[in-house]
Amino acid sequence: MSISSSSSAFLAPPHISSRQEYVRLQAKSIGVCRCIARPEEEKTVVYCKGYQTKVSRNANLSKLQAGYLFPEVCICHVARKKAAHLLKYPDAHVISLGIGDTTEPIPEVITSAMAKRTYGLSTLEGYSGYGPGQGEMPLRAAIASTFYRDLGIEEDDIFVSDGAKCDISRLQVVFGSNVTMAIQDPSYPAYVDSSVIMGQTGKFQKDVERKNGSIIVFDSAYAMYMSDDNPRSIFEIVGAKEVAIETASFSKYAGFTGVRLGWTVVPKELLFSDGFPVARDFNRIVCTCFNGASNISQAGGFACLSPEGLQAMHQVVSFYKENTDIIVKTFTSLGFNVYGGKNAPYVWVHFPGQSSWDVFGEILEKTHVVTTPGSGFGPGGEGFIRVSAFGHRGNILEACKRFKQLYN
Ligand SMILES: Cc1ncc(COP(=O)(O)O)c(C=O)c1O
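Reading the values: the criteria
Residues numbered from 1 in each chain as written. Predicted model: local features only at pLDDT ≥ 70, side-chain atom pairs only at ≥ 80, totals over all residues. Heavy atoms only, no water. Pairing = 2+ DSSP bridges. Helix = DSSP H or I, 4+ residues; strand = E, 2+ residues; numbered from the N terminus. Contact = heavy atoms within 4.5 Å. Axes fitted to C-alpha atoms, helices over the stretch in contact; angles between N-to-C directions. Near = heavy atom within 4 Å. Polar contact = N/O pair within 3.5 Å; in protein donor to acceptor, adjacent residues only side chain to side chain. Nonpolar A, V, L, I, M, F, W, Y, C, P; charged D, E, K, R; others polar. Expected span 1.5 Å × (residues − 1). Buried < 20%, exposed > 50% of the residue type's maximum accessible area, 1.4 Å probe, protein only. 1 Å grid on protein atoms, 1.4 Å probe; cavity = no way out; pocket = protein on both sides within 12 Å on 5 of 7 lines; lining within 4 Å. Points joined across faces, edges and corners; volume = space filled by probe spheres on them. Parallel < 35°, antiparallel > 145°, perpendicular 65-115°, else oblique. Left-handed = near helix turned anticlockwise from the far one by under 90°.

A. Focus on the sheet that holds strand β11 (residues 346-350). The antiparallel open sheet is built from four strands, whose spatial order is β10-β11-β14-β13. For this open sheet the edge positions go to β10 (338-340) and β13 (372-373), each flanked by a neighbour on one side alone. In this sheet, β11 lies alongside β10 in antiparallel orientation, the contact comprising three bridges. Considered in β11, the bridge of Tyr339 is made with Trp348. Each of β10, β11 and β14 (384-388) touches helix α10 (residues 307-333); the most contacted strand, β11, lies at about 10° to it.

B. Spatial organisation of the site of the ligand. Lining the immediate environment of the ligand, one finds Gly163, Ala164, Lys165, Tyr188, Asp219, Ala221, Tyr222, Ser249, Ser251, Lys252 and Arg260. Between the ligand and Ala164 there is a distance of 2.7 Å, counted from an oxygen atom to a backbone nitrogen or oxygen. Asp219 is positioned such that a nitrogen or oxygen atom in its side chain is 2.6 Å from a nitrogen atom of the ligand. At the level of secondary structure, the elements contributing two or more residues to the shell around the ligand comprise α5 (164-175) and α7 (251-254). Residue composition of the shell around the ligand, by class: four nonpolar, three polar and four charged.

C. Layout of α10. An ideal rise of 1.5 Å per residue puts 39 Å on 27 residues; α10 measures up with 39 Å between its terminal C-alpha atoms. Every buried residue of α10 is accounted for by Gly309, Leu310, Ala312, Met313, Val316, Val317, Tyr320, Asn323, Thr324, Ile327, Thr330 and Phe331.

D. Main features of empty space enclosed by the protein. Counted by the stated rule, this structure contains two cavities of 30 Å³ or more. Together, eleven residues line the second largest cavity, and Phe147, Tyr148, Ser220, Ala223 and Glu246 are the ones closest to its centre. Tallied by class, residues from the lining of the second largest cavity come to seven nonpolar, two polar and two charged.

E. Here's a closer look at unusual backbone geometry. Residue Asp185 is joined to Pro186 through a cis peptide bond whose omega torsion reads 5°. Note on placement: Pro186 falls in the loop between β6 (182-184) and α6 (189-198). With a phi angle near 65°, Asp150 is a residue other than glycine that sits in the positive phi range. Turning to its location among the elements, Asp150 is positioned in the loop between α4 (137-147) and β5 (158-161). By relative accessible area, Asp150 is classed as exposed at 60%. Backbone geometry at Arg260 places phi at a positive 75°, although glycine is not the residue there. Following the sequence through the fold, Arg260 ends up in the loop between α7 and β9 (262-265).

F. Spotlight on the pairing of β14. Of all five residues making up β14, five are buried, and the element is well covered by its neighbours. The side-chain alternation of β14 yields two buried faces, one formed by Phe384, Arg386 and Ser388 and the other by Ile385 and Val387. Bridge count for β13 against β14 is two bridges, and the pairing is antiparallel. Of the residues in β14, the one forming a bridge with Thr372 is Arg386.

G. Main features of the packing of α5 against α6. Interhelical geometry of α5 versus α6 gives an angle of 30° and a closest axis separation of 10 Å. Between α5 and α6, the angle falls in the class roughly parallel. Crossing geometry of α5 relative to α6 is assigned as right-handed. Across from Lys165, Ile168, Ser169, Gln172 and Val173 in α5, the residues of α6 making contact are Ala190, Tyr191, Ser194, Ser195 and Met198. Residues that form the contact of α5 with α6 fall into these classes: five nonpolar, four polar and one charged.

Structure below.
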C-alpha cells in the first residue's frame, strides 16, 4: 500500500526536513482480538436493598462488569488504589503518571479567543445558541486545510465533536451490534468497552482479513507526537477514503482534555455494502445524539489552527515529548526494555514474567508514583506498566529519581 507524504506536513517534527515521497507499509502481524466477555453468571445478584423498579438492566453493561478484560474497570481500580494509598500515606507526595491527562496551561492565544467568544455571548451581536451539530463551518474548513491538505478531505467530511472518546461511542451506534469489531491489543479502553456495550461480543476470532471489505477506524489523537515517518493521517494512504474513518482530538495538543473538542473524518467516498454513504448515517447519529460542540470550545479550536495557535500547540507537544524522553532514558539506564514513547507520550516498561498489577502495586507502595498496569489495556499489556509523560517537569524529574532509587 503506498502512502503519500504530501499532507499534514506541519505535524512532522521540525528536525525532519523531508519525508519520502512514497512509503511502503510493512505488513506487521499485530495482535487483534474480537471482544469477548465472560459468560454472565446464572444466579440473580441483588446489588442494593430497597425499592427495585421492574426495568431490567442492559445485559451488555453487566457483561462489562463480569469481564476481567474490560479496561475501564482498570482505570477505576487504579483510581481506587490511589485513593487508598493516600489514606495510608496522607503526607506522601503522590505523583500521578497513570491516566493520560494533560497538566500544562492552555496557551494564552487560545484561551483569549475562548474568553472573547464567552464575553460575546453576553451581547446581542455576539450571542449564539445551538450551532450546526457537525460544527461551525470555518472550524471544519480550518481542520481540513491544516490536517488534510492535499489529501482530498473536504470540510463537509469533517464532523466536529466534543472529543474523540464521544465519537468512538457514536460510531458504535452507527455500526450497531451486528458487526464484528476487531480491536488491537493492547487498546485504548473506549474501543473495547463501547464494543461490549453495543453487544458486539462473541467468540474470539483470530483472522481479520484486510481484503474482507472492513472499515478501519483510525485514531490519530497523538499524530502531532509522532517522531518517525509513519503517516500522521490514514488518508495519506492511497485509497483510504474508501475504507477508513479517522477520529482525532485537540485534547493532547492544546490541553483540551477539560475543554472538550475533537473531530471525526468520515469521507463521502466511504460506503456501506449497499452503497449507502457512511457519512450520511454518521450525520444522522450526530444530529440525533449530539447538539454540537460548545461554541466556546470551537472558538478555542479555531484559535489553535491560527499560525500562533499552531506554534503554541507545537510547544505544548514538545514539552510533553521532552518529558517522555526523560522517562525513556531513566528506565533504559536502569536496564529495562522500554517501548513506545516515540510516537505518543506514553512509555511502556517491560517486567518480563511479572504481573502488571504487582509491579504497579510495588511502584506505588515504594515510590508513591501512580502508573497504569499494562494488562488494563488488554491481555497483550500483561507484564508491562505504562508511564504517562503528562506531568509538570518537576514531578517527572522527581518520579524518575524515585524510579532510580527503587531499581538501581
Ligand atoms: C488513543 C486515544 N484516543 C482517544 C482519546 C480520547 O480523547 P478525547 O479527550 O478527545 O476524548 C484518548 C484519550 O486519552 C486516547 O488516548
